[in-house]
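A look at the structure
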Amino acid sequence: MSGSFYLALHLMALLGFVSSLSYLLLTPSPSKIGRMLYGLSSLVLFVAGFGLLAKQHISIHSGWVALKLVIWLALAIGVPLIAKRFHPFKKTGYIASLG
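Going along each chain's sequence as written, the residues are numbered from 1 onward. Only residues with pLDDT of at least 70 get local features here, since the model is predicted, and only at 80 or more are side-chain atom pairs given and counted; chain-wide, interface and lining totals rely on the full set of residues. Side-chain descriptors were evaluated using all non-hydrogen atoms of the structure, hydrogens and water having been removed beforehand.

1. Observations regarding a positive patch on the surface
A cluster of basic residues, Lys-32, Arg-35, Lys-84 and Arg-85, forms a positive patch on the protein surface. A helix here means a DSSP run of H or I that spans at least four residues, while a strand means a run of E at least two residues long, and both kinds are numbered starting from the N terminus. For the positive patch, the elements supplying multiple residues, two or more each, are helix 2 (32-55) and helix 3 (63-85). Take Arg-35: it is sitting in helix 2. Residue classification places Arg-35 among the partly exposed positions, given a relative accessible area of 43%. Candidate patch residues must exceed 30% relative accessible area and have no salt bridge, after which like charges are joined if within 9 Å and Val, Leu, Ile, Met, Phe, Trp or Tyr side chains if within 5 Å. In this description, accessible areas are obtained by the Shrake-Rupley approach with a 1.4 Å probe, and a residue is regarded as covered only by the protein chains that are shown. We define a salt bridge as a side-chain nitrogen of Lys or Arg found within 4 Å of a carboxyl oxygen belonging to Asp or Glu. Asp and Glu count as negative and Lys and Arg as positive, but His and the ends of the chain are not part of the count. A charge is said to be at NZ when it belongs to Lys, at CZ for Arg, at CG for Asp and at CD for Glu. Exposure categories follow from relative accessible area, calculated using a 1.4 Å probe and restricted to protein chains: below 20% of the type maximum is buried, above 50% is exposed, and the middle band is partly exposed.

2. Some remarks on the packing of helix 1 (residues 3-26) against helix 3
Interaxial angle, 0 to 180 degrees, is taken between N-to-C directions of lines fitted to C-alpha atoms, where a helix line uses only the stretch in contact. Contact geometry of helix 1 with helix 3 gives a least axis separation of 9 Å together with a crossing angle of 25 degrees. Between helix 1 and helix 3, the angle falls in the class roughly parallel. When you trace helix 1 past helix 3, the crossing you get is left-handed. Note on element contacts: helix 3 touches helix 1 through Leu-75, Val-79, Ile-82 and Ala-83, opposite Phe-17, Leu-21, Leu-24 and Leu-25. Under the scheme applied, nonpolar residues are Ala, Val, Leu, Ile, Met, Phe, Trp, Tyr, Cys and Pro; charged residues are Asp, Glu, Lys and Arg; polar residues are all the others, including Gly. Split by residue class, the contact of helix 1 with helix 3 holds 8 nonpolar, no polar and no charged. An angle below 35 degrees is treated as roughly parallel, one above 145 as roughly antiparallel, one from 65 to 115 as roughly perpendicular, and anything else as oblique. We call a crossing left-handed when the near helix sits turned anticlockwise from the far one by less than a right angle, and right-handed when that turn is clockwise. What makes two residues a contact is simply this: any of their non-hydrogen atoms within 4.5 Å.

Here it is, written out as structure tokens:
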């Protein structure tokens, strides 16, 4: 597949990721489909990002790639955890995740 395909897929997954992140953190009780959409868009974002890196021949050992991976991992794990367990911190989590 071409690099432009991975770029388009990565951007669409990013849109789904941010939309579902906002839904999870701004809705009082998010539905199961919303949580599934968040997980699916997170996975597609991860796979498309690494596909894009491979197509552009960029080493995964670069510092900025590691930083983006750590940020993605923190959001992918932290947002559902905040949405499910720490209800008083949902607005703060929303502002922190998009800020």
